[in-house]
Amino acid sequence: MMPERGLLVSAPGKVILHGEHAVVHGKAALAVALGLRTFLRLRPGDGERLRVHLPGVGVRREWDAAELCQLRGRLTADFDESKSPSVEQLDVLKEFAGIAADASAPDCLAVLAFLYMCLAISAKHGDVPSVDITVWSELPTGAGLGSSAAYSVCLAAALLYACRAISCPLKDGEATARWTEEEMTLINSWAFQGERVIHGNPSGVDNAVGTWGGALRYQAGKITSLKRVPTLRILLTNTKVPRSTKVLVAGVKEKILKFPAIMNPVLDSIDAISQECQSVLEAMPTNPSPEYYPVLEELFDINQHHLNVIGVGHPSLDRLCRVTASHGLHSKLTGAGGGGCGITLLPPDAAPLAVEAAKRDLCACGFECWETDIGAPGVTLHSSSSLNAEVLHALSEG
């Protein structure tokens, strides 16, 4: 039975710690779960209706459950967590929801992913559920922080639970709970389908980080969870400078073709940074020595220089690094580069006044700044008492 207050679920965003762009060329990348999360509240529906409210992107939609069952019957191709959504299926859903064929806005893609996951999961595991779902996120959209994957992971968990495909492991009196490995594998596979609806051909890294949390290594299509990683404090800064990942990836490829003898050793060095960082992260939980932090800071500095060399830096990111360096802190870009976001390591001995001054100076540049952490847990069930007032207020507005 669904708990009286409904089900409260969260999943983390992600940042790339090391390996940006090199990963496209077969090198290793490290992706880590971010302390900023997406939250979902699932409640029993009022009547035979399915409602979804996404206050962050201005969506409030509802459908008749019987009508959705009929729609599901029209989608003749099999639904399966291992098969990509077909173009025909998505076209039918767009027409049904009144979404333009070429729509790419976050609100349209969020509704499309919701409808597909709801029909596909219910086709495999039971009837279309009559539920109310509200989703609210601390993550900005379009910043390369895995916001769509965190949304897809939360949806997959909620819909699988509503269709009785997974349990509710949260016991009375517990603040949080996690699903079994088998249940999380099922959540991850359906979250990947949501990512396919939104992105077409995603790597699967973002939804895997959202499901399992901690840190993952990604290389040549293979995703491996790192064993026990520490939680590290960071500043996450959004320069708000828009960029095209596709253009940046193409630019790096062009440079490699033009200067292979120069660029390939740079990619090898970025790969070595990822390997070295993985060794440090895996050593830290059993030997929490402060000596590891200067090594992590040096790796940030070296990788940031390499990313500038391969052509994905930006004056806004250089400024971010200069501002934080003036306060004794070390930063690098994260993700595609060319603007977007940067991360700054906050070692345990970072003076609170220096951190506050750095945040103030970054905001004065017109950037958006969060003090958060990396290595956060993956998809989690919550009691309402474990969530802060802002999250509960945002979710109660549904």
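The structure we're discussing is the one just above.
Residues numbered from 1 in each chain as written. Predicted model: local features only at pLDDT ≥ 70, side-chain atom pairs only at ≥ 80, totals over all residues. Heavy atoms only, no water.

Peer 1: Sorry, what's going on with the overall build of the protein chain here?
Peer 2: Within the protein chain, the secondary structure is distributed over twelve helices and 13 strands. Its C-alpha atoms give the protein chain a radius of gyration of 21 Å, within 12% of the compact-globule value 21 Å for 398 residues. Taken along its principal axes, the extent of the C-alpha atoms in the protein chain is 60 × 50 × 40 Å. Buried positions account for 55% of the 398 residues belonging to the protein chain. (Helix = DSSP H or I, 4+ residues; strand = E, 2+ residues; numbered from the N terminus. Rg over C-alpha atoms; globule rule 2.2 N^0.38 Å. Buried < 20%, exposed > 50% of the residue type's maximum accessible area, 1.4 Å probe, protein only.)

Peer 1: I'm lost on helix α2 (residues 87-97) in this one. Help?
Peer 2: The periodicity of an α-helix, 3.6 residues per turn, causes residues three or four places apart in sequence to face the same way. Along α2, the residues classified as buried are Gln89, Leu90, Val92, Leu93, Lys94 and Ala97. Where the residues of α2 are buried, they touch β4 (59-64), α1 (65-74), α3 (106-125) and α5 (181-199). At the exit of α2 stands glycine 98, carrying a positive phi of roughly 70°. (Contact = heavy atoms within 4.5 Å.)

Peer 1: I tried to follow the layout of surface pockets on my own but got confused; where do I start?
Peer 2: Empty space left among the atoms is revealed by rolling a probe the size of a water molecule over them. Counted as a void, the largest pocket has a volume near 1,500 Å³. Along the walls of the largest pocket sit 47 residues, with Lys14, Gly144, Ser148, His199 and Asp206 positioned nearest its centre. At the level of elements, β1 (7-18), β2 (29-44), α3, β5 (131-137), α4 (147-162), α5, α6 (205-212) and α7 (245-258) are the ones that each hand at least two residues to the lining of the largest pocket. The residue makeup of the lining of the largest pocket, split by class, is 24 nonpolar, 18 polar and five charged. (1 Å grid on protein atoms, 1.4 Å probe; cavity = no way out; pocket = protein on both sides within 12 Å on 5 of 7 lines; lining within 4 Å. Points joined across faces, edges and corners; volume = space filled by probe spheres on them. Nonpolar A, V, L, I, M, F, W, Y, C, P; charged D, E, K, R; others polar.)

Peer 1: I keep staring at the pattern of salt bridges and nothing clicks. Help me out?
Peer 2: What the rule picks out here adds up to ten salt bridges. Of the charged contacts in the structure, one is a salt bridge between aspartate 64 and arginine 49, with a shortest N-O distance of 3.9 Å. With a gap of 15 residues between them, aspartate 64 in strand β4 and arginine 49 in strand β3 (residues 49-54) connect regions that are remote in the sequence. A salt bridge links arginine 51 to glutamate 62; its shortest N-O distance comes to 3.3 Å. Of this pair, arginine 51 sits in strand β3 while glutamate 62 sits in strand β4, and the two are eleven residues apart along the sequence. (Salt bridge = Lys/Arg side-chain N within 4 Å of Asp/Glu carboxyl O.)

Peer 1: What's the story with empty space enclosed by the protein in this structure? I'm lost.
Peer 2: Counting across every chain of the model gives one cavity of 30 Å³ or more. In this structure, the largest cavity encloses a volume near 40 Å³. Taken together, Leu17, Val32, Ala215, Val229, Pro230, Leu232, Leu281, Ile374 and Gly375 form the lining of the largest cavity. Residues that form the lining of the largest cavity fall into these classes: eight nonpolar, one polar and no charged.

Peer 1: Looking at this structure, how should I read the pairing of β4?
Peer 2: Strand residues, when the strand is regular, have side chains that alternate between the two faces of the sheet. Where β3 meets β4, six bridges bridge the pair, whose relative direction is antiparallel. Paired with valine 52 across the bridge in β4 is arginine 61. In sequence, β3 turns back onto β4 through a hairpin of four residues, with glycine 58 there showing a positive phi of about 70°. (Pairing = 2+ DSSP bridges.)

Peer 1: Help me understand the side chain of aspartate 132, please; the structure alone is not making it clear to me.
Peer 2: Within the secondary structure, aspartate 132 sits in strand β5. Overall, the relative accessible area of 18% leaves aspartate 132 in the buried class.

Peer 1: Could you clarify how one ought to interpret the packing of aromatic side chains in this entry?
Peer 2: Note on aromatic pairs: each is described by the distance of the centres and the angle between the planes. For the structure shown, the criterion picks out two aromatic pairs. Ring geometry for phenylalanine 39 and tryptophan 136: centres 6.4 Å apart, planes at 25°, overall stacked. In this pair, phenylalanine 39 sits in strand β2 while tryptophan 136 sits in strand β5, placing the two residues 97 residues apart along the sequence. Accessibility classification places phenylalanine 39 together with tryptophan 136 in one group, the buried group. Consider the rings of tryptophan 63 and phenylalanine 114, whose centres lie 6.0 Å apart with planes at 20°: the pair is stacked. Here tryptophan 63 is found in strand β4, whereas its partner phenylalanine 114 is found in helix α3, with 51 residues between them in sequence. Since its relative accessible area comes to 0%, phenylalanine 114 is described here as buried. (Phe/Tyr/Trp six-rings, centres within 6.5 Å; stacked < 30°, edge-to-face > 60°.)

Peer 1: How should I be thinking about the packing of α3 against α4 in this particular structure?
Peer 2: To characterise two packed helices, one gives the angle between the axes of the helices and the distance between these axes. As a packed pair, α3 and α4 sit with axes 10 Å apart at the nearest point and diverge in direction by 30°. Our classification of the angle between α3 and α4 gives roughly parallel. Pair α3 / α4 crosses with right-handed handedness. For the pair α3 and α4, the contacting residues are Ala110, Ala113, Phe114, Met117, Cys118, Ile121 and His125 in the first and Tyr151, Ser152, Leu155, Ala156, Leu159 and Leu160 in the second. Grouping the constituent residues of the contact of α3 with α4 by class yields eleven nonpolar, two polar and no charged. (Axes fitted to C-alpha atoms, helices over the stretch in contact; angles between N-to-C directions. Parallel < 35°, antiparallel > 145°, perpendicular 65-115°, else oblique. Left-handed = near helix turned anticlockwise from the far one by under 90°.)

Peer 1: Sorry, what's going on with the environment of lysine 27 here?
Peer 2: Summarising the element assignment, lysine 27 is placed in the loop between β1 and β2. With a relative accessible area of 19%, lysine 27 lands in the buried category. Along the backbone, lysine 27 and valine 312 are 285 residues apart, and their C-alpha atoms lie at a distance of 17 Å. Not counting the four nearest positions on each side in its chain, lysine 27 is found in contact with Ala22, Tyr218, Gln219, Leu267, Asp268 and Asp271. For lysine 27, the side chain forms a polar contact with the side chain of aspartate 268, separated by 2.7 Å. (Polar contact = N/O pair within 3.5 Å; in protein donor to acceptor, adjacent residues only side chain to side chain.)

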